[in-house]
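The residues making up each chain are set out below.
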Amino acid sequence: MKIAYKKNDSLFHILHPVSQMIICAAILVLPLLNSNPFASLSALLSVGIIAGSSGVFADWISWWRFCLFIFVLSVVINAFVSSNGSTVLLKYSGLPVFGRIVVTAEGLFFGASMGLRISSIILVFAFWAVAVDPDRILNLLSPGSSESALLTAMTMRMVPAVAKDSREILEAQAARGIDLDSGGYIKRMNNRVPLLRKLARDFLDRGISLAEAMESRAYGSGPRSRLVSYVFSPADFGVIAVFAAGLVFVIAVSAMKLTSFDFYPSIRVSTQAQGYACFVFFILVSVVFSVFSALWKNSR
Amino acid sequence: MEKFPLVEIEDLNYTYPGCGEPALRDICLKVLPGEFMLIAGLTGSGKSTLCRAVNGLVPHFYGGKISGNVRVKGISTLEASVGELARYVGLVFQDPEAQLVFEDPEREIAFGLENLAIEPIRGIKRIEEVFSCLRLASLRDRRVTDLSGGEKQKIALASVLVMQPEVIVLDEPTSQLDPVSAEDFLVTLKSLNSELGISVILAEHRLERCFHLADKIVVLHGGRVVFSGTAEDIAKTDHAVGMRLLPPISRLFLEAGYTEIPLNVKEGRMILSGIDGIPNRHKLERPDYSHTGMIGKQEKNSSKAFAEKITERDAAVKVENLWHSYGDGNPSLKGVDADFGFGEVVAIVGENGSGKTTLVKNITGILKPSKGRVILYGRDIAEMNRREIAALCGMVMQNPESHLISKTPEEELRLTCKSAGFSEKETEERVSKTLSTLDIESLRSTPVEEISCGQRELVAIGSVVVRDPDLLILDEPTRGLDSSVKERIASLLARRKSQGKTTIVVTHDLEFVAEFSDRVIMLAEGRIIAQGEMREVLSDSLFYTTQYNRCFRGFASGVVTKADALKVLKEFA
């Protein structure tokens, strides 16, 4: 799973950080506001197309295992805990912990939809992690709010650092014969408790060191200037106009319940034409963006 | 005429919150404009705390109890904030990773200027000047993550220098760097001091590279100043702490009974050139290495040639035509052939990125060879599981922190024993023996966070050694450590050797290599460029050799260790 930003020569990478934020926000809002699986699919396709045109597809898709795990977990948990739905597939009583379970087709479908929804949200954040330069975001936010900028800097810098620490700790433990992956699931989880404690401690230590280094260079001592500034290009205006329109569009159709999708008692697609139009809009816009991205690259 | 000090410390006492013992006691110091002050002292002597007291982090960031006064340009650091003091004092920290905020070097350098609200037109000019002054242009388009430790530390220095401080304080800035990067960093620092007149306060405990740079040396011990004077003064002072901090070459001449004490190799050679008889009696001889494995870089299949020469000998570990590539497809190891005999201490040396750590990780099975094989005590490692490998071989990683996942040293060692399946009785015996061997018995129940870096290295070593593996691999065990910790590691190596157990040490510390290794393997760009007996490999090297060898080159051949050098010196004393 790649979690670090990758510098690349693409149209997305040269956009103003505000434009990048608007693209990600617009796509993120689709599954966030809608339980409709078409909305999740639309978000998934849109972000995948943009990731492809930005040259980070391999890094982005490296999250698929984690998303598949979330998807399966969502289906399984929902199958056990929800007995709603009219199409009963399985009834069983006397199961430890759960007692009586009723597995319905609607329940399974709801679980799959929620899994897809969570996965699409995760994948939008995954795209953000690998394609948006944290330095640019920190630079954008820092003059306005010291605390939020500090938090952003720490979080975005810490995640890859903690991943590296985690890898080093696992190697060091293996090198002295401690196998954290031995035993059953519970034992493996227990094995990892000291590791997690260590990572949490390292995370805090790194945070303190970074805060100390920032304070030593007068961070938070007064008003700041901005030496590195970003200029909006014509491409930025186009991207902001289209994706902001998409953002308004999705908020409007969601508020007017034009994207409804009922799972219980039986599956009923009550999505209106405007809802479908919204989903298709994002996919089309992403395709157009990737075409412009290819043209931009060829023109260089 | 008395000069007005830039930094003035008067009767400074400081205790960290929650600590009973003061970290600094009765410190009185003055730093003059343009002065280069070296703060020396063993681990835990208070160097880092003193550095932080100069820029106000102590007490503003840490809290705690403070008395006395620290003034920078007449401004009391107790009254001014860290931000205000940042205009006058720049602080470079020990760990280059932990102090960089941005991934883009240019933004990193701009960060301090933005915090001081410097307007763009002045700020951009300053950034360009710093890029040019520190010769950082080639790093401009790279990401900080991709830079070497030395390059990161230079970016950290640039990001402080750009704020145009009057004094730069550096807290052990080279402790995490390899010798080449450390040398480069210190040369840059000295040129800033001499050409720009910026005062420098440098805290270090590996002094051989910076001793001669300082105008004044202050030695701390237990939070107190136990010596303050010039480098020449300290060399003449019979002070136990000071003596341990002297560069190897100075200690050598002192022990040989010379009154004129050199501070670096150059001065040592000048003294030697004045001794009657040395150049005439000891002709420069090029040793004959035909019987050993010394191999030229140009020789085709060089490391294989050596491996063929030693096939007759029994080897605890054999590495055959080993190749390894990481994800990027570029091989980090290119057909390495080597063997490691029973009871041998073998040092692996070479510049950063030469494949040293990759080689030893392949030997322990942490990494899988792309091609070739590793034979561990007669078995191909590819056919062994993790448990079987761990029973034979243990490795202490470069960063000891990654070993320490328990609360106390005792728990750390017990964790290894538990994993190995030892009984409670055997565990107790092994833990006690290991803590005692490494001389850390007193730390048995001390929380790991409260013990020093050097002691943590020893605990990390203990967490591996408690299993008593037949093959022990130490990756940079002496990096950033003072001589007392090195001595304990050295005695461990000697003990293992006497038991017929093999030890591989990956290191840049060539004085350590010379004293304690039997053989040396030198790597460059994933290939072995030389391997053989320690003496032959090191005496034939220009850079990868000891200070003694550099000093005596041309005066006496075959001088590699301190004992060799002492013998020659005493002969002519």
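Note that the structure is predicted; figures quoted are calculated from it, not measured. (Residues numbered from 1 in each chain as written. Chains lettered and ligands numbered in written order. Predicted model: local features only at pLDDT ≥ 70, side-chain atom pairs only at ≥ 80, totals over all residues. Heavy atoms only, no water.)

Caption draft 1: A look at the overall build of chain A. Within chain A, the secondary structure is distributed over 12 helices and 2 strands. Starting at the N terminus and walking to the C terminus, you meet the elements of chain A as α-α-α-α-α-β-β-α-α-α-α-α-α-α. When its C-alpha atoms are laid out on the principal axes, chain A stretches across 65 × 60 × 40 Å. Put simply, chain A has 300 residues, and 47% of those count as buried. At a minimum sequence separation of 6, the contacts of chain A that also span at least 24 residues come to 73%. Split by element, the accessible area of chain A, about 14,100 Å² in all, is 69% carbon and sulfur. Between the centroid of the 26 positive side chains of chain A and the centroid of its 17 negative side chains there is a distance of 5 Å. (Helix = DSSP H or I, 4+ residues; strand = E, 2+ residues; numbered from the N terminus. Buried < 20%, exposed > 50% of the residue type's maximum accessible area, 1.4 Å probe, protein only. Contact = heavy atoms within 4.5 Å. Areas by Shrake-Rupley, 256 points an atom, 1.4 Å probe, with all protein chains shown as cover. Lys, Arg positive; Asp, Glu negative; His and termini not counted. Charge placed at Lys NZ, Arg CZ, Asp CG, Glu CD.)

Caption draft 2: Spatial organisation of the overall build of chain B. Broken down by element type, chain B carries 24 helices and 20 strands. In terms of its C-alpha atoms, chain B occupies a principal-axis envelope of roughly 75 × 65 × 50 Å. For chain B, contacts bridging at least 24 residues in sequence account for 66% of all contacts bridging at least 6. Surface exposure of chain B reaches about 22,800 Å², of which carbon and sulfur atoms provide 49%. Looking at charge distribution, chain B has the averaged site of its 71 positive side-chain charges lying 2 Å from that of its 83 negative ones.

Caption draft 3: Here's a closer look at the packing of aromatic side chains. Within this structure, the stated rule accounts for 21 aromatic pairs over all chains. Here the aromatic rings of F110 of chain A and F263 of chain A are separated by 5.0 Å at their centres, their planes lie at 85°, and the arrangement is edge-to-face. Here F110 of chain A is found in helix α6 (residues 105-131), whereas its partner F263 of chain A is found in the loop between α11 (234-255) and α12 (273-299), with 153 residues between them in sequence. On the accessibility criterion, F263 of chain A (6% relative accessible area) is buried. Through a chain of ring-to-ring contacts, the aromatic side chains of F38, F109, F110, F261, F263, Y264 and Y276 of chain A assemble into a single cluster. Here R140 of chain B stacks its cationic end above the ring of F131 of chain B, 4.1 Å away from the centre of that ring. Of note, R430 of chain B hangs over the ring of F422 of chain B, and the distance from its end group to the ring centre comes to 4.0 Å. (Phe/Tyr/Trp six-rings, centres within 6.5 Å; stacked < 30°, edge-to-face > 60°. Lys NZ or Arg CZ within 6 Å of the ring centre and 35° of its normal.)

Caption draft 4: Inspection of the interface of chain A and chain B at higher detail. The partner chain B presents 62 residues to the 47 residues of chain A that form the contact. Roughly 4,800 Å² of surface becomes buried between chain A and chain B when both sides are summed, with 53% attributable to carbon and sulfur atoms. Its salt-bridge partner being R217 of chain A, residue E108 of chain B comes within 2.3 Å of it at the nearest N-O pair. Inspection of the region where chain A meets chain B yields 31 residue pairs in polar contact (both at pLDDT 80 or more). In terms of residue count, helix α10 (residues 193-216) of chain A provides more of the side of chain A that touches chain B than any other element does, 14 residues in total. Here the side of chain A that touches chain B is composed, by residue class, of 21 nonpolar, 7 polar and 19 charged. (Buried area = accessible area lost by both parts, 1.4 Å probe. Salt bridge = Lys/Arg side-chain N within 4 Å of Asp/Glu carboxyl O. Polar contact = N/O pair within 3.5 Å; in protein donor to acceptor, adjacent residues only side chain to side chain. Nonpolar A, V, L, I, M, F, W, Y, C, P; charged D, E, K, R; others polar.)

Caption draft 5: Structural view of the sheet that holds strand β10 (residues 224-229) of chain B. Residue and element names in this part refer to chain B. Read from one edge of the open sheet, 6 strands run β6-β7-β8-β3-β9-β10, paired in mixed fashion. If you trace the sheet from one side to the other, it starts and ends with β6 (89-92) and β10, each paired once. Here the average twist between neighbouring strands, direction ignored, is 15°. Lying over the sheet, helix α7 (residues 149-161) contacts β6 and β7 (167-171), oriented at roughly 170° with respect to β6. Each of β3 (36-41), β7 and β8 (199-204) touches helix α8 (residues 179-196); the most contacted strand, β8, lies at about 150° to it. (Pairing = 2+ DSSP bridges. Axes fitted to C-alpha atoms, helices over the stretch in contact; angles between N-to-C directions.)

Caption draft 6: Representation of the pattern of salt bridges. Under the counting rule described, the total for this entry stands at 48 salt bridges over all chains. In this structure, D165 of chain A and R206 of chain A form a salt bridge, with 3.0 Å as the shortest nitrogen-oxygen distance. Of this pair, D165 of chain A sits in helix α8 (residues 146-175) while R206 of chain A is found in helix α10, placing the two residues 41 residues apart along the sequence. By relative accessible area, D165 of chain A is classed as buried at 9%. In this structure, K361 of chain B engages E171 of chain A in a salt bridge whose closest nitrogen and oxygen atoms are separated by 2.7 Å. A residue pair is termed interchain when its members come from two chains, as with K361 of chain B in helix α15 (residues 356-363) and E171 of chain A in helix α8. Of the two residues, K361 of chain B and E171 of chain A, both sit in the buried class.

Caption draft 7: Focus on unusual backbone geometry. In this structure, the amide linkage connecting Y264 of chain A to the following residue, P265 of chain A, adopts the cis form with an omega of -5°. Structurally, P265 of chain A can be placed in the loop between α11 and α12. V58 of chain B connects to P59 of chain B through a cis peptide bond whose omega is 15°. With respect to the helices and strands, P59 of chain B occurs in helix α2 (residues 57-60). For Y377 of chain B, which is not glycine, the phi dihedral falls at a positive 50°. You can see Y377 of chain B is positioned in the loop between β14 (371-376) and β15 (379-380). Overall, Y377 of chain B belongs to the partly exposed group, its relative accessible area being 22%.

Caption draft 8: The nonpolar core, seen in detail. If you look at the biggest cluster of nonpolar residues, it comprises 76 residues, and the most contacted ones within it are F253 and F552 of chain B. No other element matches α7 of chain B, which puts 6 residues into this core. Among residues more than four places away in sequence, those in contact with F253 of chain B are Y258, E260, I261, P262, G268, I271, L272, C551 and L569 of chain B. Listed in part, the 42 residues of the second largest apolar core include I27, V47, V250 and F289 of chain A. (Core = buried A, V, L, I, M, F, W, Y, C linked by side-chain atoms within 4.5 Å.)

Caption draft 9: Inspection of the packing of helix α17 (residues 409-420) of chain B against helix α19 (residues 453-465) of chain B at higher detail. Residue and element names in this part refer to chain B. It is the contact of α17 with α19, at a shortest axis distance of 8 Å, that shows an interaxial angle of 25°. Relative to α19, α17 is oriented roughly parallel. As α17 runs across α19, the sense of the crossing is right-handed. Between α17 and α19, the contacting residues are P409, E412, L413 and T416 on the first element and V459, G462 and S463 on the second. Residues that form the contact of α17 with α19 fall into these classes: 3 nonpolar, 3 polar and 1 charged. (Parallel < 35°, antiparallel > 145°, perpendicular 65-115°, else oblique. Left-handed = near helix turned anticlockwise from the far one by under 90°.)

Caption draft 10: Summary view of the environment of V253 of chain A. Residues and elements named next belong to chain A. Its location among the elements puts V253 in helix α11. For V253, a relative accessible area of 2% corresponds to the buried category. Between the C-alpha atoms of V253 and L32, which are 221 residues apart in sequence, the distance is 13 Å. For V253, the contacting residues outside a window of four places in its chain are L258, T259, Q274 and C278.

Caption draft 11: Here's a closer look at the side chain of S10 of chain A. Following the sequence through the fold, S10 of chain A ends up in the segment before α1 (11-14). If near-sequence neighbours (up to four positions away) are discounted, S10 of chain A is found in contact with S53, S54 and W296 of chain A.

Caption draft 12: Region of the structure containing the sheet that holds β15 of chain B. All names here are of chain B. The 4 strands are arranged β12-β11-β14-β15 in an open sheet whose pairing can be described as antiparallel. Strands with a single pairing partner mark the edges of an open sheet, and in this sheet they are β12 (331-340) and β15. With 2 bridges joining them, β14 and β15 adopt antiparallel strand pairing. Counterpart to L376 in the pairing with β15 is R379. Across the sheet, α15 touches β11 (317-325), β12 and β14, and the angle it forms with β11 is around 120°.

Caption draft 13: Local environment of the packing of helix α2 (residues 17-33) of chain A against α11 of chain A. Residue and element names in this part refer to chain A. Orientation of α2 relative to α11, taken along the N-to-C sense of each, is 20°, at an axis distance of 9 Å. In terms of axis orientation, α2 runs roughly parallel to α11. In this structure, α2 meets α11 at a crossing whose hand is left-handed. Taken together, the residues of α11 that come into contact with α2 (itself represented by V18, S19, I22, I23, A25, A26, I27, V29, L30 and L33) are D236, V239, I240, F243, A244, L247, V250, I251 and S254. Broken down by class, the residue content of the contact of α2 with α11 amounts to 16 nonpolar, 2 polar and 1 charged.

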